[in-house]
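The chain contents come next:
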Protein chains: 4
Amino acid sequence: MLEELKEQIYEANMELPKRGLVTYTWGNVSGMDRERGLFVIKPSGVDYNKLRPEDMIVVDLEGNKVEGEMNPSSDTPTHLELYKAFPEIGGIVHTHSPFATSWAQAGRGIPCYGTTHADYFHGEIPCARNLTAEEIEDGYEKNTGLVIAETFRGKNPAHVPAVLCKNHGPFTWGKDGAEAVHYAVVLEEITKMNLMTELLNPTADNRTPQCMQDKHFLRKHGPHAYYGQGK
Amino acid sequence: MLEELKEQIYEANMELPKRGLVTYTWGNVSGMDRERGLFVIKPSGVDYNKLRPEDMIVVDLEGNKVEGEMNPSSDTPTHLELYKAFPEIGGIVHTHSPFATSWAQAGRGIPCYGTTHADYFHGEIPCARNLTAEEIEDGYEKNTGLVIAETFRGKNPAHVPAVLCKNHGPFTWGKDGAEAVHYAVVLEEITKMNLMTELLNPTADNRTPQCMQDKHFLRKHGPHAYYGQGK
Amino acid sequence: MLEELKEQIYEANMELPKRGLVTYTWGNVSGMDRERGLFVIKPSGVDYNKLRPEDMIVVDLEGNKVEGEMNPSSDTPTHLELYKAFPEIGGIVHTHSPFATSWAQAGRGIPCYGTTHADYFHGEIPCARNLTAEEIEDGYEKNTGLVIAETFRGKNPAHVPAVLCKNHGPFTWGKDGAEAVHYAVVLEEITKMNLMTELLNPTADNRTPQCMQDKHFLRKHGPHAYYGQGK
Amino acid sequence: MLEELKEQIYEANMELPKRGLVTYTWGNVSGMDRERGLFVIKPSGVDYNKLRPEDMIVVDLEGNKVEGEMNPSSDTPTHLELYKAFPEIGGIVHTHSPFATSWAQAGRGIPCYGTTHADYFHGEIPCARNLTAEEIEDGYEKNTGLVIAETFRGKNPAHVPAVLCKNHGPFTWGKDGAEAVHYAVVLEEITKMNLMTELLNPTADNRTPQCMQDKHFLRKHGPHAYYGQGK
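Because the structure is predicted, anything quoted here is derived from the model rather than measured.

Rules and cut-offs
The numbering scheme is per chain: residues are counted from 1 as the chain's sequence reads. Following the order in which they are written, the chains are lettered starting with A and the ligands numbered starting with 1. Totals for whole chains, interfaces and linings use every residue, but because this is a predicted model, local features are given only for residues with pLDDT of at least 70 and side-chain atom pairs only at 80 or more, for both listing and counting. Side-chain numbers come from the whole structure's heavy atoms, not from hydrogens or water. Throughout, a contact is declared for two residues whenever any of their heavy atoms are within 4.5 Å. A quick way to say it: buried area is the sum, across both parts, of accessible area lost when two parts are put together, with a 1.4 Å probe. By convention in these notes, a salt bridge is any Lys or Arg side-chain nitrogen within 4 Å of a carboxyl oxygen on Asp or Glu. We define a polar contact as two N or O atoms separated by no more than 3.5 Å, with the added condition that, inside protein, one atom must be a possible hydrogen donor and the other a possible acceptor, whereas residues neighbouring each other in sequence contribute only through side-chain atom pairs. UniProt positions are given in the numbering used here, feature names are shortened, and annotations may be inferred rather than shown by experiment. Segments assigned H or I by DSSP are reported as helices when at least four residues long, segments assigned E as strands when at least two residues long, and all are numbered from the N terminus. Side-chain rings of Phe, Tyr and Trp (the six-membered ring for Trp) are treated as a pair once their centres are within 6.5 Å; stacked means planes under 30 degrees apart, edge-to-face means over 60, and tilted covers the remaining angles. A simple rule labels every residue: compare its accessible area, found with a 1.4 Å probe on the protein chains alone, to the largest value its type can have, and call it buried under 20%, exposed over 50%, or partly exposed in between. Any Lys NZ or Arg CZ found within 6 Å of a ring centre and within 35 degrees of that ring's normal is scored as a charge over the ring. Under the scheme applied, nonpolar residues are Ala, Val, Leu, Ile, Met, Phe, Trp, Tyr, Cys and Pro; charged residues are Asp, Glu, Lys and Arg; polar residues are all the others, including Gly.

How big an interface is tends to be stated in terms of accessible area lost as the parts join. The interface of chain A with chain B comprises 33 residues on the first partner and 33 residues on the second. Summed over both partners, the interface of chain A with chain B buries about 2900 Å², with 56% contributed by carbon and sulfur atoms. Between Asp75 of chain B and Arg219 of chain A there is a salt bridge, and its shortest N-O distance comes to 3.7 Å. Taken together, chain A and chain B are joined by 19 residue pairs in polar contact (both at pLDDT 80 or more).

This brings us to the arrangement of the chains. Here chain B and chain C are not in contact; the least distance found between their C-alpha atoms is 11 Å. Separated throughout, chain A and chain D approach each other most closely at a C-alpha pair spaced 11 Å apart.

Quick look at the UniProt feature "domain: Class II aldolase/adducin N-terminal" (unreviewed entry) in chain A now. Per the UniProt record, the feature "domain: Class II aldolase/adducin N-terminal" (unreviewed entry) sits at residues 7-195 of chain A. Taken end to end, residues 7-195 of chain A is 39% helix and 19% strand, and its first and last C-alpha atoms sit 36 Å apart.

Both the distance between ring centres and the angle between the ring planes are used here to describe each pair of aromatic rings. By the definition in use, this model includes 28 aromatic pairs over all chains. With a centroid separation of 6.1 Å and an interplanar angle of 80°, the aromatic rings of Tyr120 of chain B and Tyr183 of chain B are classed as edge-to-face. Residue Tyr120 of chain B is located in the loop between helix H4 (115-118) and strand E6 (127-128), and its partner Tyr183 of chain B is located in helix H6 (residues 177-200); the two are separated by 63 residues in the primary sequence. For the residue pair Tyr120 of chain B and Tyr183 of chain B, the accessibility class agrees, reading buried in each case. Measuring from centroid to centroid gives 5.0 Å for Phe86 of chain D and Trp173 of chain D, while their planes differ by 50°, and the two rings are tilted. One end of the pair, Phe86 of chain D, is in the loop between helix H2 (76-85) and strand E5 (91-95); the other, Trp173 of chain D, is in strand E8 (residues 169-174), and 87 residues separate them in sequence. Taken individually, Phe86 of chain D and Trp173 of chain D each receive the classification buried, so the pair is uniform in this respect. The structure contains a cluster of three or more aromatic residues connected by ring pairs, namely Trp26 of chain A together with Tyr120, Phe121 and Tyr183 of chain C. It is Lys42 of chain C that lies over the ring of Tyr48 of chain C; its NZ or CZ is 4.7 Å from the centre. Just above the ring of Tyr227 of chain C sits the side chain of Lys220 of chain C; from NZ or CZ to the centre is 4.3 Å.

This part is about the interface of chain C and chain D. Taken together, the 33 residues of chain C in the interface contact 33 residues of chain D. Interface area, chain C with chain D, both sides summed: about 2900 Å², of which 56% is carbon and sulfur. Per-residue buried area on chain C facing chain D is highest for Tyr24, Trp26 and Gln105 of chain C; these three make up 24% of the total on that side. Taken together, the links from chain C to chain D amount to two salt bridges. Among the elements of the structure, helix H3 (98-106), helix H5 (133-151) and helix H6 (177-200) of chain C are those that each provide at least two residues to the side of chain C that touches chain D. Top element by residues in the side of chain C that touches chain D is H3 of chain C. It accounts for seven residues. For the side of chain C that touches chain D, the per-class residue count stands at 14 nonpolar, 14 polar and five charged.

Here it is, written out as C-alpha cells:
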C-alpha cells in the first residue's frame, strides 16, 4: 500500500546523507496521505545504505502501525502530533544537522540576518522550550510534538516551516517530504551563515529591515511571487 | 543568437556549484556582448543539473527579453544597472556563498588582511548600504544595482571587482563571466580567512601595510605585472 | 592466528580515514580477544592505503609481541592499560580528529549540551590531567593509560566510552573495534557542535536538563531501550 | 636534465590541490639537487590540472633560469634565499592554505597546544615580521627569504620546519619536496585545531608542558626515536 508515497519518502530520506545532514542514522523523513489519514516514515535506527523503499512503515493518526515489518522511527509520535496540529503540511524532517543543532543546543531562535533566510522563512525561526520532567516521563516524543505546536500558537507554520527543539535539534516541514528536506538544507545553510555573522558583528545591529524581509519572502511566496518559472 | 556567449555563460554558471559557491539555485552569472548591447543570463530558479546552454536568456540594455523561453533571473535588473554603470565589465556573478554572505549579513566591508586579498582587490571591498523602503517598493532589483553603483562613486570597479550588499550577499564582476566567477571564488576564500583572522587577532592592528598591498596588486595587474606567463 | 579479529580490526582502522578522522597515520584501532588474553593492533606509522589485514600485530597482556613483522603502534602500552583497567571493553580507538583534539588542547571536559551527546554518553566526557615529568620519563604511553584509568575511578566506562587526554587527543572504546570507531565518529560530531554552541551562547546556561539526558541515554541503552530494531 | 627531480617536484606540486591546500594557482613546491647546485620549481601561474613534469623550471643558486620554457614561480627568489640560508634542506613549499594563512594574517606565531604540533615542530612556529617599504622596493621576493632567515637566526630550521610570513602565508621545508608538502599539510591541521583551541579556552593556560613537547618530538626524531618502523 501507498507504494508511490513510500518511494517518495524513501528518496527524501536518502537525500539527507547525500546533502550532509545526517551522521549514521540521525534523521528521518515522513510523508502524509491526507485523504487516507496515513503517513509513511523511516524505520528506527536503520542504516541509510541498507534502506529500501519497501522498508518504510505506514502509521495511522492514532499512532498504530498499519504496515511494515520493522519498528517505525522512535520520533514517530512527534511527527504524528505535528500532522495533527498543522493540517496543511504533508512532510516532516528531523535531523541532527550540525549547525542547526548548535543553535538548538544554544537554546536560541534564529534571527533573520539576510535574504537567504527571508526567501524561505518569514521572521525568526523559534526555539521551542525544554519539556518538563513530567512531560518527558508521560510521553517524551508525543510531548515534543505538542511543545512544538504550542510554540507555533498564533504563528503560521507555512510561513516559518522550521523549529529548533532546545538541547536537541531541528524539525522542518512542507507540502511533502521533498519540500521538508529542501527546508532542512536551507536551515543548515542559514544557521551556518548566521553563526559566522554573529562572530563578525556581535552588536546585533544588523538585523534585516522588515521591508526587505517582506520583499524577499513575497517575491517567492504567495499570489505576487515572481521568482522562478511560475507554477 | 549569441551561441558562443551562451555556451561561455552556461559554463560559468556551472562552475558555481562545482566550486561550492551555491546551494540549490542561489546564484547566477551573466555575460555581455558590448558591440551588440545584449547580455546573456541564467533563467530564474532552474536547477543547475538541468541547465543547458540553450536555456540562457538574452536581454537588451532596456531590460527587454530578446530571446529565450523562460524568465530570466529575478536579479536581471541588478545586472543591467551594473553593465550600464561600469562600461568596462563584461561579466557579473551573484551568489549566496556562505563566507561572503556572512560578511554581508554583518554589514561590514572586507579589510585587506593579506596578500591573497591584495593580489586581486586593491583596497577594502565595500559593503553597500541597505535600500530604503521606497527603493525596495519602487524597483528592488534595479535599485540594488543603483546602490552598488553609488557605492563605487569615485572608485575604480576594475581594481575592486566585488561588492557586498548588506543583509544579502556578494556580487563580483570581470572582463567576462569566467573572470567574474574567478573573483567570486577568491572572495569566498578571502572572507573565510578574514573571519578566522579576526577571531585570532581582534585588535585590528594587523592590516596589510599599504606598500605591501600595492606591491602585490601591481605584480599581477597593470603594465609592470610579472606574475604568470605574460599575455 | 586470530585471522577474523585481524580482519575486523583492519576494517575498523580503515574506517578512520574514510570518516575523516585521521590525517596521515594519526590514529589506531585495537581489538581484544578476552578468552585468549590477546589483542590485535595497527602497526606503527604505516600508511592507511598500504595497510593489509595480515599487517595487524598480536600482543599479549604483558605487552609482548606474539605475532607480526612490524612494530606495533607506539600507543600500544596505553591500549594495554585500558584493557586491564576496563575488563568489559573489547576495542579501543585513538585519533587526533580535529574537533575532539581541540577540546583536549583546551584542557576541557565536554559538557552535555544536547541529545546527540546524551544518546551515547551519560554525562560529561572527562579530560584527563597531564602526566607529570616523572610519569613521562618512566613510561609515557603506559602512564597515559593509567591516568585515563585514574580519571574513570568511580565512573562506568561503558556509560561514558570516551576520554580526552590533555594537550593530546581522544581515546574511545566499546565492545569491539567497530563500536569504538562509531563512538570516535560521534565524539567528533559532538565536539564540533559543542564548540559552535559555546560561540552562540557563552553564558553556559544551556546544559541539557538531567531528566532529558537520562531519557535519551536510557531509550538507547539498558533493559528499557526502545530505539532501533531490538537485539 | 634532472628528470627524476622534476618528476618528484611535479608530484609534490600535485599533492597540494589534492590535499586541499591550494585554490587556483596559489602554491608552489621546489626541490634542490645540492650536488649540482640547481633547484627545480613550478612555473608561475600555471593551472595544476595542466601542469606536466617537463614544465618544471631549473634554476641555479644565482637565480638564473638554466632550463625551461616558462617563467618560474614569482616566489623563486624567496626559495633561493632559503636554500642558501638553510643548507640542510632539499625542498620548499609555499601555499595560501586557509588556516595557516589566517594565523599569518593575524600576525601571530603558533603556540604549541598539543602533541600533534610537538610530533613535528619543536616549539613555537614563528611569524616573520613585515618587510619595510625599502625591502619591498629593493626586491620583494628576495627580501622575503632574507627576513625568514633572520627570523630563524639562532634557531634550528630542521626542528621547526615552517614559518608564517605576516599578512601573507606559510612556507614549509624538508629534506625534499615530498617532506615539505607533508609539513604543509600538518601545519594546516595544527593551525585549524589551534584556532578552535583558543575559541574554547581563551585564557592561554593550556600550553603543552615542555617535558611533553620534548617527549613527542624526540620519540619521532633523532637517535632515540621509536615511532614507526625505523629507517
